[in-house]
Each structure stands twice: as structure tokens, then as C-alpha cells.
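# Working through the structure, step by step
As a plain string of letters, each chain reads:
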Amino acid sequence: MTSHARTRTRFFLCCFLSTLGPLATSNMGVRAPQSDGSGSQVITASLEEEEYASFRTENPEWTFNHLAVDYRNGNVYLGAVNRIYKLSPRLELQVSHETGPDEDNRKCYPPRIVQPCSEPLTLTNNVNKMLLMDYRENRLLACGSLYQGICKLLRLDDLFKLGEPFHKKEHYLSGVNESGSVFGVIVSYGNASPDMLFVATAVDGKPEYFPTISSRKLARNSEEDGMFAYVFHDEFVASMIKIPSDTFTVIPDFDIYYIYGFASGSFVYFLTLQPEMGGGPTTGSSSAGREQVYTSKIVRLCKADTAFNSYVEVPIGCVSGNVEYRLLEAAYLSKAGANLARSLDVAPDDDVLFAVFSKGQKRRPQQESQDSALCVFSLRKINERIKDRLQSCYKGEGTLDLAWLKVKDIPCSSAIRVDSSSRALQYETVQTVESGPVLRDMAFSSDHHYLYVMSENQLSRMPVEACGQYSTCSECLGSGDPHCGWCVLHNTCTRKEKCERSSEPRRFASDIKQCVRLSVHPSNISVSQFSVTLVLEAHNVPELSGGVNCTFEDLAEMNGLVEGNRIVCFSPAEKEMPRVVVDKSDHQIVQLYLKSKETGLAFANTSFVFYNCSVHKSCLSCVSSPYQCHWCKYRHDCTHDPRTCSFQEGRVKKPEECPQLLPAERILVPVNVVKPITLRAKKLPQPQSGQRGYECLLTIQGNEHRVPALRFNSSSVQCQNTSYFYDGMEMSSLPVELTVIWNGDFSIDNPAHNKVHLYKCDAQRGSCGLCLKADPLFGCVWCKGENRCTLKQHCPHPENQWLEHNGINSKCMHPRITQITPLRGPREGGTLVTIRGDNLGLEFHEIQGNVKVAEVECTPIREGYIPAEQIVCEMGRAEKSQYTGNVKVCVGVGECWPEFTAKSSKYYYFVIPRIHSIKPSRGPVSGGTVVSITGSHLDAGSNVSIMFKDQPCTFLKRDGLWLTCRTHASLNGYGNVLVSVSIDKAQLQKDLRFEYVEDPTITKIEPEWSIYSGHTRVTVTGTNLDIIQTPLIRAKYNNHETLNLCQVLSPTSMQCQAPELPISLAQQQEAPERPDEFGFKLDDVQAVMALNNTNFIYYPNPEFEPLSTSGVLELKPGSPIILKGRNFLPPTSSGNGKMNYTVLIGEKPCMLTVSDSQLLCESPNLTGRHKVLARVGGIEFSPGVVHITSDSPLSSTAIIGIAAAGALLLLAIVMVLIAYKRKSRESDLTLKRLQMQMDNLESRVALECKEAFAELQTDIHELTSDLDGAGIPFLDYRTYTMRVLFPGIEEHPVLRDLEVPGYRQEQVEKGLKLFSQLINNKVYLLCFIRTLEAQRGFSMRDRGNVASLIMTVLQSKLEYATDVLKHLLSDLIERNLESKNHPKLLLRRTESVAEKMLTNWFTFLLYKFLKECAGEPLFSLFCAIKQQMEKGPIDSITGEARYSLSEDKLIRQQIDYKTLVVNCIHPENEKSPEIQVKALNCDTISQVKEKILDAIYKNVPHSHRLKASDMDLEWRQGRGQRVILQDEDVTTKIEGDWKRLNMLAHYQVPDNAVMALVPKQVTAYNSVNNSTVSRTSASKYENMIKYTGSPDSLRSRTPMITPDLESGIKVWHLVKNHEHGDQKEGDRGSKMVSEIYLTRLLATKGTLQKFVDDLFETIFSTAHRGSALPLAIKYMFDFLDEQADKHNIHDPHVRHTWKSNCLPLRFWVNVIKNPQFVFDIHKSSITDACLSVVAQTFMDSCSTSEHRLGKDSPSNKLLYAKDIPSYKSWVERYYSDISKMPAISDQDMNAYLAEQSRMHMNEFNSMSSLSEIYSYVGKYTEEIVCALEQDDAARKQRLAFKLEQVVAFMTLES
């Protein structure tokens, strides 16, 4: 029995599902629609993401079987193959319990776990067959298919196995393997007695082992022996029923399938599907070959009946529209809601049974379209029916229908059935699972707001309503969803409980008649009317005491005056109007909304029209407008206000009153003939005084002709006598637009669109016949004397020389034949001959019976006749004696006269067409084969038909010797068919046969990849490929198809050129792409058009770089040519893909060696200039030209000039040279090959990196996704600035209040306020800084400190600070240039206050940029480095690591280590789930503690975490044993004078150990004895740990491993420090050759590459995620450019260096090396070392000097050597982009600086800062005063005196 109701992934919501809400319907059947388009409107819900949840199988084979929901807490339990899952209500996995697979055999009985079994055992899946909640004992019954159906009892909370009884016969419930075959019901009998389990199951042919229905004991103790024992069991009777073996003799495969079960009242019910027993032993038997008939039954038992005497079963079914639905598919018991109860005539809390039946009584495989019905039964009525039936039985009026139990023919009494009385409303169709049928088990969530729906691979949670999808009241209430109503003032569709104050009248509408209706009077006004009073009438509105506004879309909004259900508003005022005027239409519809002031939402709307009469330019369109528009006749104007018309009689309101031209018959005017045009009209106005008269306007070939016109009266007007003309003889007549106008441009309406037709008789009428064919109204005649067509009056000859249509002379003489097709045909006739010529009659009857072809009668066909021009006739049969002849046509009726007879000059021949052969003689059964039939005279006749037996073959083309056609799909399958050809009436007979064979198939494509441009070779394997003549390979992408050719090699293989991927050049990316479809065009075979089983993929095209910048490469003969580029080897899954490259040097090909980024071409022996051409796939590219210059060592003239005596010597030298040259060439070649191998090696390393990167990427992704919640731990502005301005000082005075004794407070504050004024005086401040810098005792540290203090004071006045900074920088640049220093050294080191101020200035202004843009990639890089380093061992003493970017910090020996997973208990919450942490067995205990803290406090800033030093690590072993682990304790190993720190491996901690961090213990059983030696070591070690974690530079802080002074013992972890000479060989080993460990650096670099790239790219690009480049950068770069211009520095390198020194080196390098300045994090020494390498790379990227690298270069420079050129190009582009940006005005900059000052006004205590600055004044008072007195500007402002005042205040003792 299949376990699904319908093979549909959708299901329908019907409003009588009573649990979903009350809506009336009666007990009836409702047919599910055949398809979605069945007539009823189906609204597909769009479920919001948070409402919808789903859970999918972890393994496709482990399909879902059963579902149970805990109604107390909403948890979901899911039974699947091999698994039981516990899920949260939102379907998040909480626990899973494994149930299989296991070794078993279904034939083992009892199961092999009880006794050995002779059957072979195999690994068998465990299908979940029953899943029941035992609430009383808080456990889950999960019964499977293994071991004959034993059950597990699992604790609900954590799925802990409480018991699994298996050793008794009663413990095996069912041997069936299907999930839908068992049903159980738990029945409770009050507190005292234990619960009972009623189990019903299919027996699968084993009735002796398994009762079909039984009741079992559910013991309280899950391990009790009596679990599942029969409730009652003695020798004769038991609480069970077995199917008698006799039943199986009647129906061998008899079984009862249990679909559903439930308990209600004092009964237990099961719904079953069982075979009908029928009338005798063979009837209905499947062995008789007849289809088995099934019936659905309801089975009832008393709960208390232990002997099953109360067993009764009754057929159940459903009838709708005389269609019987008898096959039960699914059922569900629920309570009736109020409305449903009313229609079913039961109480609202009565039980109601819903059941789905499918049509008929025969179980076939479920089909999508199978008809089914949902029926509703009242349980009370079912019980009444059963009661009636039992009573009639007791009276002897029939017997119970238990044929299967008694095995005899028992008459069947009436069944319970529902006849449909009305239809339920289907209101929504929702897709719940992606694919596959929906299974039977569905359940509501505990709050009944959600429904759980399940397919085999997916469990979905969906809301029972999706009211939010309906946007209007009518949609909402018209949907029929019983949960949804309209919340009026909130204008939303929602559940009633979600609508505020929904109980108040008319606030919540639940019926469509209660929707708000709104009408407005007037409903339209003109756009030139303003502030018109509008009255709105609203129906069904709630009380509007909160007030309303009237809103005209976005035009105007005003207060509405509420009077009952009326609201008075005003139309928009004049200034709000113009926006509604429309050019093309005369009105605009605007929605008028009523908006509630209470909710601020519009709750009703109606259409309101603004119309504009003035857009109408004609009377008829004006007065036909539906609005109040009037036409002013004399003003020629349309208006809404008739009072503006000047004359009363000029106002027009009706169309019939409009001045207009009446319809005229065709107005024909011959060209060049003077003629008036008279037109009928009505209501023509009489021009008033000052108005001009009438004119006619004709537009001929684009030119306007105005002709004066005369108004006779109001109903007639005439265009005056004029002649007209048009160019060209291509048109015989020309229709011309005609307009009548008056008063210059007032046009008269022309509703009939009257036109004037100008015509020429002689145009297109060169023969008599064509002339007489013309329209008789034209008056054209054939003028014989002149042999031309003309008007009568233009023919100079007398009338008897004319020929005219229907005249006395109307017959053209001398007909002529010009063309005959075809010229050959069969004797049998039927050929349609087309005869073209002149004067071939004007009427069909003139030529009827008058055509002969080669003396054979040819019957004209009326449809093909064109008077005077063409005759088509059908040939009769020719006699054998007739061979050829000409065509004769006689025009006229009766006797044929010579002057009316035409005879052709060409002859018509009779031929005998024959067919000889057919090729190909076979083709696919799907058709599409182009067949060629050879023969003779196959081009004869007019019509060809080819038949393949009784099927046509579509004719394509023919010649005398062949014809072709395309076959159709065969109607009769495979085999030979007879081919026949008929030409006209000739049947061509010959025994030609064509064979339809099986369609070709494609089994394999190799390789399954190509490049974007295609044309790479693809080998295709298949069957019957040779029957296709022109096979094509195809790809489809974005609705574009490309094809390429294939060549058939054999019936099973062909070779194709891959089609290109139809992707535009703009879209070509660096990523592989899959086509939407990939397949073959093999004639009409559809199966291979789009293959489903191929994974064909396209890689990016190879790209070549030019040979050189000039395009010409100079070479010596024999030197290899290297073509560089990328993507030369596609990165296919099976290793690098090979492609056929051809490289031509001139015309000659060269030998190639290919790597991913290079082609090494061994050039042929050539000299001179040659073009290089590279070809691959469909690409041809020339990277340039090579110039191979001869390097002959001696010229011939020199050889001749040398004396004969030296010839031998010279020869020897030459030979040596040639040998040397050849040798050097060979070594060059070898070098190049080595280079290629190195490249390949790097590719392999890259592949490893890729895998490592993928692993890291997932880790980083997890980390960043975790971070997204809490955000990146940015420091606040104050902490960030303090760390940059005053590094290393935690509590700086500028953050505290001024500390002075209370008695001095007042003077000091006065003094500091005066000092503040001085600092804010630019003259003083500049003088102060310059004086301090001139003092010898003013150190570098002091300069930085003063610069930072000044910036903290000026934080609130950044405009002033920026001005001072520009002055100081300007001075610095001048000093630098005067001292003849190299200009590039400017700003390189912090030697002045200005330079440190510049750093601080950027620090202040780039904080926002750091937070919004650069912070994220910097944090990602930090996390990536930390994570990558921690994946491998890190020496906790030296800080060296396996994974590193820094050579100094690389462990240079092999450390064996293993990754362990440690399960950690949360230190602050022991109850929360354990957290899994990855650690290494070589980690010290402190390192493990740090990793655990990192995992536990993943999202917590570092300063808020517990400290590792305050915690102990406790290892919790079994049976409550706990061990404290420490770095050093009594177990620590000491060898000689070396002591090794304890690691996890030292304690032999296994995988998955449980650890806890506990507060620091004073002593522990394994702690170090309190000897002095140990204490010193421990304290020293703690210090080391502190150093290692310090954020400062690692080099100064790396702990030295000095021996303990008292004991001389040195501590080590992974490697002993190599600076100690006493180490044993192998402890550390000598420094390894770089190649060994360089790959580790490379691998680490590769893994981190993306993060470094992301950071650099963010810093060096001008546009960042919508936020612009910080103004400060542009402003400062422009200032440096100005200074360079001022000092005539035009060297771009100098300008570039200044910018690099100013921003990247001063600010970014500092931030990259010290991320702890920006984030709340802890930076270890190894991370610091790696960040230093990145920072160095960053500095190198900003430099303009070339880096010459050699083998002695530092590794970090070598590491990024290949990347730095591209980074440099980024920097150059960045600087260039900034310089191209528009300059920032001082005004904009000052506004920006003022805003920044305002935002961070009170971050620092300015008094404390001033006090700190003053300390320098106190130190250098005399020098500063002296400098102020010497400065003119300072003297003018008496600044020296003011400073002395400050000094006086500050030193004054009260």
C-alpha cells in the first residue's frame, strides 16, 4: 500500500477543515480538481520566509515515514529510514537517534538477535512503521522494520533509549517492510491501570506470526518483561484477531491495509482498505488474472473489550454526481467548528472524520490526474448507523460483513456512505514540498497556526493562512480563507486577533459586503477649477472620531470634515494642479484616498477625474468627450465653461451641431486637368468681420497645396478650378489628404476622412488589356493611333479609333504569350500550366475552353485567372502519339479570329518521369531524415507528392535527376515501408523501400568541457549514429542557441566540434559556466536535443599577452618563443584539460610545451620578420611579430680578409664558438623547461591551496556569519583615537578631569582658559611649535606627544587644525627642499610635529570609512590569519608556527600532531549544550584555554571575556572523575636542563573529551610542589605568556629562554631555541634549505590571498559600497599636488611618493600592523608577524622604485613578488582616479570638518590636554617668549605678554 494520498506536491486548502476555522458546509464529497486550470480560481500563496520552514533528508535514501507533534510544547518528532529526529517547532534539528542500518534478513523468524538464523544476513535499512507519543510516560514509541518489527521506547526530551524489548514473540509487531502498513492507538484507562496499545497491521502473508489487530500492555517501566504482552490471553481467547489461513486459499494475496486509527468515547476505530471476498473461491482472485476489487471499511472495537467480541466493521465510501469514491487514501479526526457543526447537525465539540477517497475500487499506481474526493463524516452518525446495523443483525435481518473472518459468502448489508449535497470552496493552492508526493502524515502545530506537511525527502512547516498576500478588501474576503478578515483602518488583511480594537463596530470586516465603499460628488472637475467642494459618501466605515484626511495621490492632502457617513473635502489648490495636465489624453484619473488620522493609513479610495478640455483641437472630439466640454465655433476652441464663448450661437454641445464635411463618393481627379472639387457639408460657419475665408489644403507627396475655396452656404463648399500633379509612373493612382480650413488655420472636421484620388491613365498600363482593366470611373481609353492609354479628351483620333471598357470597341487585338511554366509534364495530365502575356481577355468566359497546350485541351481555372495578364489551366490526358507542341490561346466567345489568337514561341513537351533509387535507405523512427530519390524527368509537372506507405514525406526541392523530401515520424514503428512518387496524375512505380530503425542514442560525451568559443574536439559515443546524415551538436544559453558540426566515424561513435557558448563578450567572466541545455540535433530525434545526464561545462577562453609592448620581439635563431597569458589549461575536475594549440611562425608550425600561463614554442629554423599566429578552439590571435636576426659569428668579408695562415686557427675558434652557442641554447631550453616545471609545481601547490582555502573559507564564512549578528567588535571613537595617538598608554590624563589641589583650581583654570585662547591663535601656535622643534632637548617622543595633545585640544575645531596643519606641512616641504634632501624622503619618518599631526588628522577623519568599508576586510584578514595559524602547531614560547607568512616565525621541522575535538561546558552556564572546539594534541594547556574561550565567546569583544589566566582547565572523565590540567605540574617532564610544557598529548586526552573552564584553584592534586624553583619557573612562564600575547611589536618582545637563575632549568614547548648551543642533533636541526619550508609560506599565502586582495582592493578603490571616497584623502592629495606645482616638481614619482608617505605609510600601515587599534581583539605574536609581512607588502605596493629580487632577498619580498606589480597598478589607478575627481572647495571641506568636530565634541578633557601641553611651555618658557618677541605678527598682538600672564597664573601660589 503506498503511503501517499495524491502524487501531488501541492495540496488544496478547503474551508471546511474545521480545525482551520468555522465556515459553513454540509456533509458531502468534494472532488479535487483534475488540474490547476479546472475552472475555480486558484490563488497561489507567497509564504513569507520566516513563516515557512523546512527540514530535508540528510541522505536521499533515508526517506521520511512518520510524523508526530507534541501538543504540549510544539516539538516535532520525525520517523525516517534509519533515523528518528527531534525538531523544534521551527524545524531546527535538536537531537537525532540512529535506528539502522543493521545486519538482518526478513526471512529470519524469530529474528537473528534472538537465535541464530540460517539465512544470509545483509546490511538492511530500518523503515519507521509507527511513531506514537506516550504522554503519560513522556516517551516515544518508534517501531521499525528490522527484526520483524521491534520497537524502541525513547525519552521525548533527548531521544535517549529507555528500552527495546525483543526477546519474546509479542515484541515483534509486524513483518511488513512498508511505512504505511501499521497503525497504533494508545488508550488510557485513568490513573490506576496502565495504558493499552491497540496495534493494527498488514500481515504480508504471515498470519500465523502476526495478528492483524491486537491490544497490548504498555508497561510503565520501559524495560519491563511484560511490555507489549497481549492484554488478555488464554488457551482459546486472546485480545487479538488473526486472518484465518482459509482466507488465503480464496485470495492468495489477501491483506488488510490500515490507513488511520483513533480512539473516541469508549471505542477504538481503524479505517482499512481490504480486498472484497466476492462470491466464490476464484472470483476476485488475483490468480485468476482479474484485477482485485477493494473496499474501504471502518472497524470499531470497545476499549474495554479484552476478547475482541465487540469487533465490527462497516463499509465506508462517498458518492458525488453518480461517481463512486471507494478507495480510502487518508483520514483525519477533528472537532467540528461552529459553522461546520451547524451544517452537519452535530454539536460544535463533536468528533468529525475527514477522509480522502479516490475513484473506483481498483488499486492502480497513483496518477497525477486521478480523481479524488474529500468527504466529511459525523462520528455520531457513524455510530448510529453501526448501532442500527447491529440491531438488525440481532433481529436476524442479515448478518455482519466478515467474510474474510468466516470465509463464506455472507450477504452484505448497507454501507455508510456520504452523498454530496453541496460543494466545499477550495480557496487556495499552496506548494508545500519541492517534489514528490505528499505523505499521509500531516499535523498541526500546538498553537494550530501552522501545518506540518511531509514528502519522502522534505518536511515543511507552512502557516494555515497567508492573509498578508491579499492587498484589497475584496481580494481578502473574496478568497474564502476562513481565517482572514479585513482590518479596516489598518487597511490590511489579517486574523481577527491581530487587528486592533477589532471588536468595535465596522472595524473588522469578515464578509465581502462589509468592505468600505466610497463615492464622491462631483466625481470629475476641470483642471482649471480649484478648491471645489467635494462630498464623499462612505459606507461600512467605523466611527471616525480620530479624524480623516483626503489625499489626491501625491498631489495634495487636506483635512476632511466628518458629518456622519459624509466627509467634505476640497479639490487641490491652483499651485498643486499643473501636475495633472496630460498632453495626449483629455483626462487623468487620480485616486482619492481617505486616510485615518488614528492609523496614518489610507483605508478607502475612489477614482477622481481631472479633465482638460483645451487638449481637444476639433469640434467633434470636444463635444464627444464624456466630460463637460463645449466647442466655441467662432473661436475654434474647447472649454469647460460655455460662458467664455463670445457668441451665444457659437456654443456647440452636440456632435450633430459641429461644422463638418459629409461623406462623399470617391473624388477622382486626373493629373494636369483643371477641375473644381465640390464637397457637401453641414453647419459651416460664416466668417465674422476680420476673419479670413475658406481654403482647401491638399498634401501631395509631402508638399502642401492651398487652393482658395468658396462657401456657397452652410452645407456646401467648393475648391476652385486648379490642376494637380504627382511625380513618377510607379503608381497609377494616389490618394491625397484633403482638409477644408477657414480663417487661416481653423479646420472643418472631416469625420468620413474624405480623400482626393489623383490618377494617371498611362501609369502601369502599357498594354490595351491593362488599360481597359482600369476602373471605368477613371475614363481611360486605349488610343489605337498612339498605342497608349489616355483620357478620352487627350486622344487626338476619332472615337472609332478608341477602345474603351464596355464601349462599342472593347476587345483588344493581338494577344501575346510571353511565358509558360512548366515546359514539361507527364502524359497522364493534371499539370497546372501557368501562361503569362498581354491582352489575354478581360473576362474569364472569353478564354474558357479556348486554351490548348501541345494540341491537348487545357482547362482554365478561375482562381488562377488574372484578366489580361495570366491564365492557369489544368492539362488533360495526352495520347501516346503526342510528344510536343506550342500553346494556343483564343480570346473571345464563338469563332476564333486570327487577330484574337496567341501562339507561343516555346514548345511544351510530354515526358515519362521515372525513379531509380533512394538514398539513404534508412533513418530514425522519429523522422527528419532528408531523403534523396534519383530518376529522370523529375522536374516535370507542377505538383510532386512522395508517400512512405500511407505517410507523406515533405517535399523540399527537385532537379531533372533527383528530388528530396524530409521524412515524418513513423506511425507504425520500426520496419520497411514502400516509397511511391506521383507527379501530377502520373504514378511513378518502382519497388523502392525505406527502413525506419531505432532512434540513435547518446551514451557518453568525452571530454565534458570546452571553452567559451567552442571548436574543441568532443568524442561522442552512442548507438545508430551512422543513420544521421548531418549530425549537429548544440548548446543553449540565455535563450540563444549555437550549433556545430559532427562527423560520424562509426555506428557507435562520432567526433564533434564543441559549439560555442552564446555569451556576449561583455558577460565573459573568469568563472566556468554551464549551458542551460546541451545536446544534439540528429534529424527529428527529440530525446537527444537536451541531455539530462551530461555535466558539460565551459571554461573561460585562453587569453594571450602581446609578445612585447612594441609588438615586435627580437630573437636569435633557435631561441624559444614564450607566449604568455592565462587559462591555457582549463582546470577540469580530472586534472588539467589538454587543448590542441597550433602556433605558426610565419607559415611554419612549431613544437609546443604548454602550461597554465605559458606556451613554449621551439621556433623553426628561420630568420627575418615573421608574424606569430596562435590557434586554439575557435580562437585565432596574433600576439605580435618576431624578428629573428642572424648571429653568424664572422662575416664572409672578414674571412676573406684574414690571411691563409690563420685560417685553421680561425676554423677551430669558430667550431668552439658554435659548440658553445649550441650548448648555451640547450641550457636556455633546459632552463625554460625547468621554469615550466616550476610553473606546474606552483599550479599543484595552488591546487592544494585551493583546497585549504575552501576549508578556510567555510570556517571564515561560519565566523563571519556568526559575526553578522553581533557585528564586528569595533572600538568606540575615543578608544580608537587614544590607541593611535598615545599607543601603549591605557589611562591617559586627557581622558580624566584636571587634577590640581582645590586651593589652586580657580587660578589654574583661568590660566588654562587664557592658554586655550593662545593655542587657538594661529600666530602663537605656529611660533610655539617651531620654537619647540628648534630645541635640542625636544625628543622625537616629545614631538609625537605634542602633536597628539594639540590634536586632542583642536578636536572641536578641525577647520582651524587643518589650516595649521597645512601651514606646518608647507614649511616642512620648503625646509626639505632647502636642505637639498631628496624630495622623496618627505613625510617618510616622523621627525616633526607636522608629520605626527598629519597621522592624527587622518585618524580622526577616516574613522567612519574604517567602520563602513575598510574595517570589514581588515577584520576578515585578521580572523583568517588567526584561524589559519591555529590550524597547525604554534610554539607557545618562541611564537613560531607551522603556518606562517614570516620566515622568522616558521617552525622548520616536522611536528607530528593530530586535531582533536574537545566538548566544552560553558563556564557561565553548565546546563547549556556542550560546545565543540578543535584543538591540537600538541597544544599547551594555556593554548587550549585560549581556543576554548575563543569558541565560547566567539561574538564577544575581547575585553568582555573571561581571562585564561583566571581559569583552570578541568578534564571531566567518566564516573565524576575530574582532573585539573596545567602547563606545569608534578608530572611535567624534565630532561637534563630542559623542561617541556605539558600538552594535551602529555595527559593522553582522547578525541571528544569533555572539558570545563573553572575558576582558578589555589591548589590541585597535580599542581607543582611549593618549592622555590617551581615558583620561579611558573612566575617566569606567566610573564612569557603575557609577552606572547602582547599587541606590541613581536621582535622586541619575543621571550628569551634564559635559564632559571636558581635551578638553571630552561623551558621549551615544540622546538628548543636554536640560540643555545648545547642542544642535541635533531632537537632543532640546522636551518633547512629554503625550498623545504618555502612551500609552507606559499600555501599560507595562497590561503590568505583573497583576504589580502580584498583589503588592498577596498583601500585602493575610490568607490565603496555606496559611500564616497573620504573627502580628507582628496583634499590632502590636492594640497600635495598644489605644493608640488608651487615648487615646480613635475616628477610623477615624487608626487606619487609624497602621497604614499602621507596616507598609506602614515595611516594604513599602522592600522594593518595593529588591528587592535580599531577592534576589541587580542593579537598574538605569530599573527603580528604575519600582519607585518602584509604591511611590508602594502608598503612595497605604494613604492615607485623597482624591486630587484635575487636568491638572497628576504622571503617575504619573494613571497609577494608576483603580486606587487598588480598591487602597484591598483595604487597608480587609485591616485589617478583621485586626481581626476572634481576638487573640493574650502567651503565644502570646512562644512565637513565642522560636522566631524560636532560629532565628537566632548571625547577628550581639553583642560587636561592644555595642562599637558603647558608642561612644555614651563620647560621652554624663555625660548618661547623670546621667539614671540622677535615675530612681527606676535608683537602686534602682544602674544609674549599674554603668555607671561598664563605663566603667572599657572605658577602663582595663593
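Here, every reference points to the structure presented above.
First, a word on scope: everything that follows refers to the structure included in this document. (Residues numbered from 1 in each chain as written. Predicted model: local features only at pLDDT ≥ 70, side-chain atom pairs only at ≥ 80, totals over all residues. Heavy atoms only, no water.)

### Section: the pattern of salt bridges
- This structure, assessed with the given rule, holds 70 salt bridges.
- Of the charged contacts in the structure, one is a salt bridge between R380 and E384, with a shortest N-O distance of 3.2 Å. Highlighted residues: R380 and E384, both in helix α3 (residues 379–394), separated by four residues, approximately one helical turn.
- Exposure remark for R380: the relative accessible area of 35% places this residue in the partly exposed category.
- In this structure, the salt-bridge partner of R1695 is D1681, at a minimum N-O distance of 3.5 Å. Of this pair, R1695 sits in helix α23 (residues 1692–1702) while D1681 sits in helix α22 (residues 1671–1686), placing them 14 residues apart in sequence. Taken as a pair, R1695 and D1681 share a single burial class, namely buried. (Salt bridge = Lys/Arg side-chain N within 4 Å of Asp/Glu carboxyl O. Helix = DSSP H or I, 4+ residues; strand = E, 2+ residues; numbered from the N terminus. Buried < 20%, exposed > 50% of the residue type's maximum accessible area, 1.4 Å probe, protein only.)

### A look at the state of the cysteines
- In total, this model carries 22 disulfides according to the counting rule given.
- Across the disulfide, C487 is cross-linked to C499 (sulfur-sulfur distance 2.0 Å). On the sign convention where negative is left-handed, the bridge of C487 and C499, at about 75 degrees about the S-S bond, is right-handed. One end of the pair, C487, is in strand β32 (residues 485–487); the other, C499, is in the loop between β33 (492–494) and β34 (508–509), with 12 residues separating them in the sequence. There is no split in this pair, since C487 and C499 are both buried.
- Covalently, C613 is tied to C629 through a disulfide, its sulfur atoms 2.0 Å apart. Between C613 and C629, the disulfide has an S-S torsion of -85 degrees and is therefore left-handed. (Disulfide = S-S within 2.5 Å.)

### Some words on the sheet that holds strand β89 (residues 1168–1176)
- Reading across from one edge, β83-β90-β89-β85-β86 is the order of the five strands in this open sheet, with mixed pairing throughout. Lying at the two open borders of the sheet, with one neighbouring strand each, are β83 (1112–1115) and β86 (1148–1149).
- Where β89 lies against strand β90 (residues 1179–1188), eight bridges are found, and the strand directions are antiparallel. Within the sheet, the bridge partner assigned to H1170 lies in β90 and is V1186. (Pairing = 2+ DSSP bridges.)

### Details of the packing of helix α17 (residues 1407–1431) against helix α25 (residues 1725–1742)
- Put simply, α17 and α25 touch, their axes get as near as 10 Å, and they point 130 degrees apart. With respect to α25, the axis of α17 lies oblique. Read as a crossing pair, α17 and α25 show a hand that is right-handed. Side by side, α17 and α25 meet where L1421, F1422, I1425, K1426 and M1429 of the first sit next to I1726, T1727, C1730, L1731 and V1734 of the second.
- Here the residues of the contact of α17 with α25 sort into eight nonpolar, one polar and one charged. (Axes fitted to C-alpha atoms, helices over the stretch in contact; angles between N-to-C directions. Parallel < 35°, antiparallel > 145°, perpendicular 65-115°, else oblique. Left-handed = near helix turned anticlockwise from the far one by under 90°. Contact = heavy atoms within 4.5 Å. Nonpolar A, V, L, I, M, F, W, Y, C, P; charged D, E, K, R; others polar.)

### Re helix α11 (residues 1277–1285)
- Turning to α11, its buried residues are Y1277, Y1280, T1281, M1282, V1284 and L1285.
- Of the surrounding secondary structure, the elements contacted by the buried residues of α11 are α14 (1340–1353), α16 (1393–1405), α17 and α24 (1704–1713).
- Between a side-chain oxygen at the N-terminus of α11 and the backbone nitrogen of R1278 the separation is 3.1 Å; the capping residue is D1276. (Polar contact = N/O pair within 3.5 Å; in protein donor to acceptor, adjacent residues only side chain to side chain.)

### Considering the side chain of R495
- One can find R495 in the loop between β33 and β34.
- Polar contacts involving the side chain of R495 include one to the side chain of E497, which spans 3.0 Å.
- If near-sequence neighbours (up to four positions away) are discounted, R495 is found in contact with H449, V464, E465, C467, H483 and F508.

### Structural notes on the sheet that holds strand β14 (residues 161–163)
- Ordered in space as β11-β12-β13-β14, the four strands form an open sheet in which the pairing is antiparallel. Strands at the two margins of the open sheet, each flanked by one partner only, are β11 (128–134) and β14. Put simply, the sheet's adjacent strands are angled 30 degrees from each other on average, direction ignored.
- Pairing geometry for strand β13 (residues 151–155) and β14, over two bridges, is antiparallel. Paired with L153 across the strands is G163, a residue of β14.

### Regarding α24
- Most of α24 is tucked away: seven of the 10 residues are buried.
- For α24, the complete set of buried residues consists of P1704, R1706, F1707, W1708, V1709, V1711 and I1712.

### Side note on the packing of α22 against helix α27 (residues 1764–1780)
- The contact between α22 and α27 brings their axes to 10 Å, and the two run at 85 degrees. With respect to their mutual orientation, α22 and α27 come out roughly perpendicular. Taking contact as the criterion, the partners of I1673, K1674 and F1677 in α22 are, on α27, Y1774, Y1775, I1778 and S1779.
- For the contact of α22 with α27, the residue count by class is five nonpolar, one polar and one charged.

### Description of the nonpolar core
- Formed by 138 residues in total, the largest nonpolar core has its most connected members in F1315, Y1324, F1328, W1401, F1402, L1703 and W1708.
- Ranked by the residues each element gives to this core, the list is headed by α17, at 13 residues.
- Contacts of F1328, omitting those with residues within four sequence positions, involve I1813, Y1816, V1817 and I1824.
- One finds L477, W486, C493 and L534 within the second-largest nonpolar core, a separate group that totals 38 residues. (Core = buried A, V, L, I, M, F, W, Y, C linked by side-chain atoms within 4.5 Å.)

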